[in-house]
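Geometric and topological summary
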Amino acid sequence: MDELDRVAVLSDIHGVLPALEAVLAEPEVAAADRVVLTGDITAGPQPAEVVDLLRAQGDRVLWISGNADRELVEYRRGERTEIPDPIAPYAATALRADQIDFLVTLPKTLTLSVRGLGKVLFCHATPRDDEEVVLVDSRPSRWAEVLADLAEDIRTVVCGHTHMPYVRLAHGRLIINPGSVGMPYGRTGAHWCLLGPGTDLRVTPYDIPTAMTRLVHESAYPEIADWADYFLNARASDTEALETFGPRDGRRGEAVVEGDEVVRALLAAMATLDDLVEVGHDSHSALSTLEEIAHELGRMDSGERRRFNEVLERIAAEEPGRAAWIRGIPHALGGPHGRDRA
Ligand SMILES: [Fe+2]
């Protein structure tokens, strides 16, 4: 693998054309050996224009699919009937058929050798999943879990998804999140980073009132004025975003899935409520409690769901008498809840 001197990383552009144009106009982006897009390129107000502009840059741009790009493709192909993000169905229909066909081909990760950083793995959320959450303050055991399957020679990992920039070490590996070009939390501007030989977290300011006016004129999304005001002005603070996303990295006290004992206790409570509903005893409050549990479980992201299913499978194997009921629980749960989008 040839070693590259400079790589620009643009993450979570989310169809915000004026922000993308501002970053592409940066001399260091124009001069970079490669530009890597770490996913969530399209889910936003101007997806077709953003894809066209990036494809016009040619082979120096390397693309990775994010969970939001995947959701648009699934929606257009009839593999899902809804997407929790309110702007996503609009974005899905605003893309041309040839652009959908292109997005289908995108990889989930790629590896490059960068001067000063060694072998660098680029992904959207984590190397193993396109929507699970890790944050700057995720605990060491969480990092060990999400990096467990990584090849030993990968010393640097670049991930996006949470729209907040940081650089930190995790078990000897350098972790870099460039933040978001189009939907930043905590601070305005188009966030990106320049790799090689160091890691330079950058923010490109652009004229936000002018960009908002452009979006209102150029995007047909009915709620574009409110959408642009909220995201371009970074109305959500980084503290609010960390509080919202925090529970999704399984941190103590807020975890949806914490371990076998917790899941066992949850199953015991669900079984008791089930019995109460069956014998007609106080069935109203038992049913609403069951619904609340199902709602919380339905908010799990794919990584949490996988851990939950693994625990269920262990318990089912130990309890053949009610294994079918235990294994049926994931099927009974709905899709992910609409808030906490990244
Ligand atoms: Fe995103």
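Starting afresh in each chain, residues are numbered from 1 along the sequence in its written order. Reporting of local features is limited, given that this is a predicted model, to residues whose pLDDT is at least 70; pairs of side-chain atoms are given and counted only at 80 or more, and all residues count toward the totals for whole chains, interfaces and linings.

**Some remarks on the sheet that holds strand β3 (residues 34–38)**
Between any two strands, pairing holds if DSSP finds at least two bridges. The numbering of helices and of strands both runs from the N terminus, where a helix is a DSSP run of H or I of at least 4 residues and a strand a run of E of at least 2. Spatially, five strands are ordered β4-β3-β2-β10-β11 in an open sheet, and the strand pairing comes out mixed. Among the strands making up the open sheet, the edge pair consists of β4 (61–64) and β11 (199–204). Each strand axis lies, on average, 25° off the axis of its neighbour in the sheet, ignoring direction. Pairing of strand β2 (residues 7–10) with β3, which is carried by four bridges, proceeds in the parallel orientation. Each residue of the ladder has a partner; that of Val7, found in β3, is Arg34. Contact between two residues is assigned whenever their backbone-derived C-beta positions fall within 7 Å. Whenever a helix is involved, its axis is fitted only over the stretch in contact; in every case the axis is a line through C-alpha atoms, and angles between N-to-C directions fall within 0 to 180 degrees. The sheet strands contacting helix α1 (residues 17–24) are β2, β10 (190–195) and β11, and the helix crosses β10 at an angle near 30°.

**Thoughts on the pairing of β2**
By the alternation rule, side chains of β2 split into Val7 and Val9 and Ala8 and Leu10, which are all buried. Across three bridges, β2 lies against β10 in antiparallel orientation. Paired with Val9 across the strands is Cys193, a residue of β10. Neighbour density around each residue's C-beta defines its exposure: 20 or more other C-beta atoms within 10 Å make it buried, 12 or fewer make it exposed, and counts between make it partly exposed, where C-beta atoms are placed from the backbone.

**Overview of the domain arrangement of the protein**
As a measure of interface size, the accessible area lost when the parts come together is often cited. In terms of domain boundaries, the protein breaks down into domain 1 (3–248) and domain 2 (256–332). Each domain's extent is set by a domain assignment, obtained either automatically or from a database. Placing the centre of domain 1 and that of domain 2 at their C-alpha centroids yields a distance of 35 Å. Facing six residues of domain 1, the contacting portion of domain 2 comprises five residues. Note on residue categories: nonpolar means Ala, Val, Leu, Ile, Met, Phe, Trp, Tyr, Cys or Pro, charged means Asp, Glu, Lys or Arg, and polar means any other residue, Gly included. Its residues placed into classes, the side of domain 1 that touches domain 2 shows two nonpolar, no polar and four charged.

**Structural notes on the packing of helix α4 (residues 67–76) against helix α6 (residues 97–104)**
Contact geometry for α4 and α6: axes closest at 10 Å, N-to-C directions at 125°. Compared by their axis directions, α4 and α6 come out oblique. In the packing of α4 onto α6, the handedness of the crossing is left-handed. Contact residues: Asp69, Val73 and Arg76 in α4; Ile100, Leu103 and Val104 in α6. In what follows, roughly perpendicular refers to angles from 65 to 115 degrees, roughly parallel to angles under 35, roughly antiparallel to angles over 145, and oblique to any angle outside these ranges. By the definition used in this description, the sense in which the near helix is turned from the far one sets the handedness, with an anticlockwise turn below a right angle giving left-handed and a clockwise turn giving right-handed.

**A word on helix α13 (residues 302–318)**
For a helix, the expected span equals 1.5 Å multiplied by the residue count minus one. Here α13 spans 24 Å end to end across 17 residues, near enough to the 24 Å set by a 1.5 Å rise per residue. Of all the residues in α13, the buried ones are Gly303, Glu304, Arg307, Val311 and Leu312.

**Some words on the packing of helix α8 (residues 208–218) against helix α9 (residues 224–232)**
Contact geometry of α8 with α9 gives a least axis separation of 9 Å together with a crossing angle of 150°. By the angle between their directions, the pair α8 and α9 is classed as roughly antiparallel. In this structure, the crossing between α8 and α9 has a hand that is right-handed. Along its contact with α8, which presents Ile208, Ala211, Met212, Leu215 and Val216, the element α9 presents Ile224, Ala225, Ala228, Asp229 and Leu232.

**So, the nonpolar core**
Residues Val9, Leu10, Leu20, Val23, Ala91 and Val181 are the most contacted members of the largest nonpolar core, which totals 61 residues. In terms of residue count, the dominant contributor to this core is α1 (six residues). Setting aside residues no more than four positions away along its own chain, Leu10 makes contact with Val23, Val35, Leu37, Val181 and Trp192. Judged by nonpolar contacts, the second largest core, of 12 residues, contains Val134, Leu135, Trp143 and Ala342. Definition of nonpolar core: a set of buried Ala, Val, Leu, Ile, Met, Phe, Trp, Tyr and Cys residues joined via C-beta atoms within 7 Å.

**Quick notes on the environment of Arg248**
Within the secondary structure, Arg248 is located in the loop between α10 (238–245) and α11 (260–278). In this structure Arg248 comes out as buried when scored by C-beta crowding, with 24 C-beta atoms within 10 Å. C-alpha separation for the pair Arg248 and Val133, spaced 115 residues apart in sequence, amounts to 5.9 Å.

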